[in-house]
Amino acid sequence: MAAPIPPSINEALCLRRNAGALRVLRTPLGGIDLCSNDYLGLARLLSSHPTILSGGGATGSRLISGNNQEHEALESFLAAFHQAPAALLFGSGYEANLGLLGSLGRRGDTIIYDELCHA
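What you see is a predicted model; the values in this text were computed from it and never measured.

(A) Region of the structure containing the overall build of the chain. Of regular secondary structure, the chain possesses 5 helices and 0 strands. The linear arrangement of helices and strands in the chain, starting from the amino end, is α-α-α-α-α. By residue count, 9% of the 119 residues in the chain fall in the buried class. Pairs at least 24 apart in sequence give 39% of the contacts found in the chain among residues at least 6 apart. Summed over all atoms, the accessible surface of the chain reaches about 9,900 Å², with 61% contributed by carbon and sulfur.

Quick look at the structure:
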């Protein structure tokens, strides 16, 4: 069973929510894409044609425009499998470290990690 979220993290989340700075993943609703690497729409076009490409293409950050139902379904499966309240996928180990260390560390904290943790 997953450990409860520490009060300090809950307080930080509430502060962000109240300030309008809480970022959440949303599945794009369609329309013209002017905010990602897929501004020509080629990745979405290819992913909509199953004989060409079965998955999605690189559209940019999941937070901006790259989120899709497959990501969310896999995260739900992983959370259930590990009996956790939620799961979050990252595109690389670098992104996972960046997200984790950037969100857990606060001013004055010291983070110690293995020398083999590369850039």
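(B) Structural context of helix H1 (residues 7–18). Taking 1.5 Å of rise per residue, 12 residues should cover 16 Å, and H1 covers 16 Å from first to last C-alpha, within 8% of that figure. Just beyond H1, the residue with positive phi is Gly-20, at close to 75°.

(C) Structural view of a nonpolar patch on the surface. A cluster of nonpolar side chains, namely Ile-5, Ile-9, Leu-13, Leu-22, Val-24, Leu-100, Leu-101, Leu-104, Ile-111 and Tyr-113, defines an oily patch on the protein surface of about 830 Å² accessible area. Looking at the nonpolar patch, the elements that each hand over two or more residues are H1 and helix H5 (93–104). In terms of residue count, the dominant contributor to the nonpolar patch is H5 (3 residues). Residue placement: Leu-104 occurs in helix H5.

(D) Structural context of the side chain of Glu-75. Looking at the secondary structure, you find Glu-75 in helix H4 (residues 69–81). In contact with Glu-75, other than residues within four places in its own chain, are Arg-62, Ala-87, Leu-88 and Leu-89.

(E) Just H4, in detail. With 13 residues, H4 ought to run about 18 Å at 1.5 Å a step, and its terminal C-alpha atoms sit 18 Å apart, in line with that. One or two residues past the end of H4 sits Gln-83, with phi positive at roughly 50°.

(F) Spotlight on the environment of Asn-67. Relative to the helices and strands, Asn-67 resides in the loop between helix H3 (62–66) and H4. Sequence separation between Asn-67 and Arg-26 is 41 residues; the distance between their C-alpha atoms is 6.5 Å.

(G) Expanded view of unusual backbone geometry. The phi angle at Gln-83 is positive, at roughly 50°, despite the residue not being glycine. Looking at the element boundaries, Gln-83 is found in the loop between H4 and H5.

(H) Geometry of the packing of aromatic side chains. With the rule as written, the count across this model stands at 1 aromatic pair. Relative to Phe-81, the ring of Phe-77 has its centre 6.0 Å away and its plane inclined at 25°; by these criteria the two rings are stacked. Taken together, the positions of Phe-77 and Phe-81, both in helix H4 and 4 residues apart, correspond to about one turn of that helix. Across this residue pair, the class does not change: Phe-77 and Phe-81 are exposed.

The rules behind these values
Residues numbered from 1 in each chain as written. Predicted model: local features only at pLDDT ≥ 70, side-chain atom pairs only at ≥ 80, totals over all residues. Heavy atoms only, no water. Helix = DSSP H or I, 4+ residues; strand = E, 2+ residues; numbered from the N terminus. Buried < 20%, exposed > 50% of the residue type's maximum accessible area, 1.4 Å probe, protein only. Contact = heavy atoms within 4.5 Å. Areas by Shrake-Rupley, 256 points an atom, 1.4 Å probe, with all protein chains shown as cover. Expected span 1.5 Å × (residues − 1). Patch = residues over 30% accessible without salt bridge, like charges linked within 9 Å, V, L, I, M, F, W, Y side chains within 5 Å. Salt bridge = Lys/Arg side-chain N within 4 Å of Asp/Glu carboxyl O. Phe/Tyr/Trp six-rings, centres within 6.5 Å; stacked < 30°, edge-to-face > 60°.

By themselves, these observations are geometric and do not establish any function.
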